[in-house]
Structures are given as C-alpha cells and as structure tokens.
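Residues per chain, in single letters:
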Amino acid sequence: MGLELLSSVRCFAGDQRRYQWASSALSGETVFSVFLPDFAAANPVPVVVYLSGLTCTDENAVTKAGAQRLASELGIALVFPDTSPRGESVADDPDGAYDLGLGAGFYLNATQEPWSSHYHMETFVVDELPTVLAGIEGLDLDRLSICGHSMGGHGAISLALKYPGRYQSASAFSPICAPTSCPWGKKAFSAYLGTDETLWKQHDSCELIRGGAPQIPLLVDQGAADPFLEEQLQPQRLVAACEEVSFPLTYREHAEYDHSYYFIASFIDDHLRFHAKYLA
C-alpha cells in the first residue's frame, strides 16, 4: 500500500491531514498526521517532527497543542507520528500497563522478542518517515527539526544526538531525561533491549551528551508542578550533563505548570520560534 490520505481539514490557512502507510520498519500499517500551511504550495517549507508521550497517538498533539496557528504564520509544516506500532499482531504488555507496549514505543529499535518483530520506532522516525514525507508536495526535508513531550521528549533529544546533521535543532517538553535511571526507562529498556545496560546508554540523552555527541541547539521546558518531575523525568541530570561539556542547552522551569497539554499549549509558540531560527 502506498501513502493514503485518510482525511484533510482546513485549519489556520493550511490543511491538517492524516495519512496511512504500510511501514517496513514497523512491519505493518501506521498512521501519522501532517499540518501543511498554504504557503508550501509555492515555497517548500521546513518541517518540525513532534513526538508524543506515553499512551498518545498521532492525534493528541494535533488537537491539544495548538501549534497550527503559529506554524502557518512561520511557514513551517508539522509532522506527528504515532508513539508505537499498532495492529492485532503487535505485542502489548500482558498486564495492560500504559508504560510498555502499545502507545509506549520509546523511539528505539527493540532487539528482544516479542517486541523486535514490530517495535522499530527509531528506524521509522529517523529513516522511513522522511522517505515517506518526500511523497508530499511542499515539504523541504533538508530543513528538519524535532520536538517532543515526555517519552517523546526523550525520543526527540536522543535521536537528535544519535543522528548528527539529521535535525537542525531539538526541543522538548517535560522529557524523560535519564531513562537508564528512572522506572519508566528501566522497565522499557529491560523489555525492549534486554539486561545489558551498556546498550541502554545508547538511548540515554545524558549518556550521549557526556559521550561526546555533536552539539545541537536544544530547548527544554519543564513544569515545576509536574508530578513526574523527580522520579521519572530527572531534568537535573540533563542540566548537569550539559554543564559538564558546555552543551548548548536552554532549560526553563515554570512554576505551577504540570505535565499536561495545557502546559504544552502555553509554550508551544516559543518552541516553534526556536526552531524557525535554525530552519530559516
């Protein structure tokens, strides 16, 4: 199956579209969303990929983040992949937990069964998705940046660090900063990658920065009232790692804000303007 347009809705002088694709990386069909401003018809526009967090699909940020208005004004396309493979044959947590399996792909390539048959979100986002997007007129895929929230913030930062030159800039809301050191990360990495913790470090942004990953402009916003702040997100570890090697991090902590899309919607304009500087 080729790229199939499932829906298109007018939105802020642009089209909010939803596509379906038979993914080789995920060994099954996947759905992703694209906001394409009208400006792209005559002038191919740069792209910001937005990676969502645990339990989300491609639609959460589309409907809740409020990013389309400014993206249209700035002449930027937005791409929203799903958070995991989907389908009847795709493995899920046997206990129905929200932090493993469906909706919890952690943007890596699983090496352990039963996950390794489908859970290759890293390859999908970094390699296959740009190839698929090349079939959509109006996108300038030589100008590409990445953003994400929570698990997706982990994905955005770690993938930008692992693939230097692929993205012009990276940003995150409330990212899982040190997955090798928090319960969410330990659970996912044990299942997807096995017990060799040296392999886990290849997906930990703090470890990648300390290991000499090439520098990329990085913006992180964190709510000070986030219930996951201390145990799961651990932004202080990211700040410390960046300070150790003089990595260009802009870190902002906001009093009274939590982990929700109300927080993201409050600061999404700042992230789009941040990326626009490096995509110009």
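This is a predicted model, so every value here is computed, not measured.

1. Quick look at the overall build of the chain
Argument step 1. Of regular secondary structure, the chain possesses ten helices and nine strands.
Argument step 2. Since a compact globule built from 280 residues should have a radius of gyration of about 19 Å, the 17 Å found for the chain is in line with a globular shape.
Argument step 3. Across its three principal axes, the chain shows a C-alpha extent of roughly 50 × 40 × 35 Å.
Argument step 4. Counting only residues that meet the buried cut, the chain has 57% of its 280 residues in that class.
Argument step 5. Expressed as a percentage of contacts within the chain between residues at least 6 apart in sequence, the contacts between residues at least 24 apart total 71%.
Argument step 6. Approximately 11,100 Å² of the chain is accessible, and the part contributed by carbon and sulfur atoms is 50%.
Argument step 7. The chain carries 17 positive and 35 negative side-chain charges, and their two centres are separated by 5 Å.

2. Quick word on the sheet that holds strand S3 (residues 28-37)
Argument step 1. Taken together, the nine strands give an open sheet; going across it, the order is S1-S2-S3-S5-S4-S6-S7-S8-S9, and neighbouring strands pair in mixed fashion. The sheet is open, and its two borders are formed by strand S1 (4-10) and strand S9 (249-254), each paired with just one other strand. Between one strand axis and the next, the sheet turns through 20 degrees on average, direction left out of account.
Argument step 2. Here S3 pairs with strand S5 (residues 77-80) via three bridges, running antiparallel. Looking at S5, one finds that Val 34 is bridged to Val 79.
Argument step 3. Across the sheet, helix H4 (residues 151-162) lies against strand S4 (45-51), strand S6 (139-149), strand S7 (170-173) and strand S8 (218-223), angled at about 135 degrees from S6, the strand it touches most.
Argument step 4. Sheet strands touched by helix H10 (residues 261-279): S4, S5, S6, S7, S8 and S9. Its angle to S7, the strand with the most contacts, is close to 175 degrees.

3. Some words on helix H5 (residues 183-193)
The periodicity of an α-helix, 3.6 residues per turn, causes residues three or four positions apart to be oriented the same way.
Argument step 1. Turning to H5, its buried residues are Trp 184, Gly 185, Ala 188, Phe 189, Ala 191, Tyr 192 and Leu 193. Projected onto a plane normal to the axis of H5, the buried residues spread over an arc of 165 degrees and lie on a single side.
Argument step 2. Buried residues along H5 sit in contact with H4, helix H6 (197-200) and helix H8 (229-233).
Argument step 3. Looking at the residues trailing H5, positive phi occurs at Gly 194, about 90 degrees.

4. Here's the deal with the pattern of salt bridges
Argument step 1. Within the structure shown, the criterion is met by 15 salt bridges.
Argument step 2. Residues Asp 99 and Lys 187 are paired through a salt bridge, measuring 2.7 Å at the closest nitrogen-oxygen approach. Here Lys 187 lies in helix H5 and Asp 99 lies in the loop between S5 and helix H3 (121-133), a separation of 88 residues in the sequence.
Argument step 3. Glu 122 is paired through a salt bridge with Lys 162; the nearest N and O atoms lie 2.9 Å apart. Of this pair, Glu 122 sits in helix H3 while Lys 162 sits in helix H4, and the two are 40 residues apart along the sequence.
Argument step 4. For Glu 122, a relative accessible area of 4% gives the class buried.
Argument step 5. Residue class for Lys 162 comes out partly exposed when judged on its relative accessible area of 25%.
Argument step 6. One network of salt bridges, in which partners are shared, links Arg 10, Asp 15, Arg 17 and Asp 38.

Criteria and thresholds
- All chains use their own residue numbering, which begins from 1 and follows the written sequence.
- With the structure being a predicted model, the display of local features is reserved for residues of pLDDT at least 70 and the display and counting of side-chain atom pairs for 80 or more, all residues being used for whole-chain, interface and lining totals.
- The basis for every side-chain value is the complete set of heavy atoms in the structure, and neither hydrogens nor water enter the calculation.
- Each helix is a run of H or I in the DSSP string that is no shorter than four residues. Each strand is a run of E no shorter than two, and both are numbered from the N terminus.
- Radius of gyration: over C-alpha atoms. The globule rule applied is 2.2 Å multiplied by the number of residues raised to the 0.38 power.
- Only protein chains enter the area calculation, which uses a 1.4 Å probe; residues under 20% of their type maximum are buried, those over 50% are exposed, and those in between are partly exposed.
- What makes two residues a contact is simply this: any of their non-hydrogen atoms within 4.5 Å.
- Note on areas: Shrake-Rupley, 1.4 Å probe, and residue coverage restricted to the protein chains presented here.
- Counted as positive: Lys and Arg. Counted as negative: Asp and Glu, with His and the chain ends omitted from the count.
- A charge is said to be at NZ when it belongs to Lys, at CZ for Arg, at CG for Asp and at CD for Glu.
- Note: two strands are recorded as paired if DSSP finds a minimum of 2 bridges between them.
- Angles run from 0 to 180 degrees between N-to-C directions of axes, and those axes are lines fitted to C-alpha atoms, restricted for helices to the stretch in contact.
- Arc definition: it is the arc formed by the directions from the helix axis to the C-beta atoms.
- Whenever Lys or Arg places a side-chain nitrogen within 4 Å of a carboxyl oxygen from Asp or Glu, that contact is recorded as a salt bridge.

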